[in-house]
Amino acid sequence: MKFTSLLSLGTALAFVGFASAVPAPQDATTTTHYCGGENNLQCPTGWRCCGPITQFGGICYQGTTGLCPL
């Protein structure tokens, strides 16, 4: 009986732990900006839109000029 109670308590604490988890904040260097696509999204100022541009859009990269990464 004690084992079942401890198992129930452990399971409940695990669910509470998962439910209260907060994702880590992302800074500008890890945030992905999308452009184009069916919503005609725009890159932030100082960024350029690189393809492939699909219905979901392309990806923005820092800098207004330069080659787009493959």
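Structure first, text after, so check above.
This text gives an overview of the structure that appears in the document.

What counts, and where the lines are drawn
Within each chain, residue numbers correspond to sequence positions counted from 1 in written order. Local features in this predicted model are restricted to residues of pLDDT 70 or higher, and side-chain atom pairs are both shown and tallied only at a pLDDT of 80 or more, whereas totals for entire chains, interfaces and linings draw on every residue. Only hydrogens and water are set aside; all other atoms, that is, all heavy atoms of the structure, feed into the side-chain values. For the purposes of this entry, the term helix denotes a DSSP run of H or I that reaches at least four residues, the term strand denotes a run of E that reaches at least two, and both are numbered from the N terminus. Relative accessibility decides the category of a residue: with a 1.4 Å probe and only protein chains considered, values under 20% of the type maximum give buried, values over 50% give exposed, and everything between is partly exposed. The contact rule is simple, with two residues in contact once any of their heavy atoms fall within 4.5 Å. Exposure was quantified through the Shrake-Rupley algorithm and a 1.4 Å probe, taking into account, for residues, occlusion by the shown protein chains and nothing else. The definition used for a disulfide is geometric: two cysteine sulfur atoms within 2.5 Å.

### A word on the overall build of the protein chain
- Assigned secondary structure in the protein chain consists of one helix and three strands.
- Relative to its 70 residues, the protein chain shows a buried fraction of 13%.
- Look at the contacts in the protein chain between residues 6 or more apart in sequence, and 16% of them connect residues 24 or more apart.
- Here the protein chain has roughly 6000 Å² of accessible surface; of this, 65% comes from carbon and sulfur atoms.

### Some details on the state of the cysteines
- The full count for this structure, using the stated rule, is three disulfides.
- Each sulfur of the disulfide joining C35 and C49 lies 1.9 Å from the other. Judged by the torsion about the S-S bond (85 degrees), the C35/C49 disulfide is right-handed. Taken together, the residues C35 in strand β1 (residues 34–35) and C49 in strand β2 (residues 47–54) connect sequence positions 14 residues apart.
- Judged by relative accessible area, C35 falls into the buried class, the value being 1%.
- The class for C49 is partly exposed, based on a relative accessible area of 34%.
- C50 shares a disulfide with C68; S-S distance 2.0 Å. Measuring the twist about the S-S bond at about -75 degrees, one finds the C50-C68 disulfide to be left-handed.

Remember, this is a structural readout, not a statement about activity or role.
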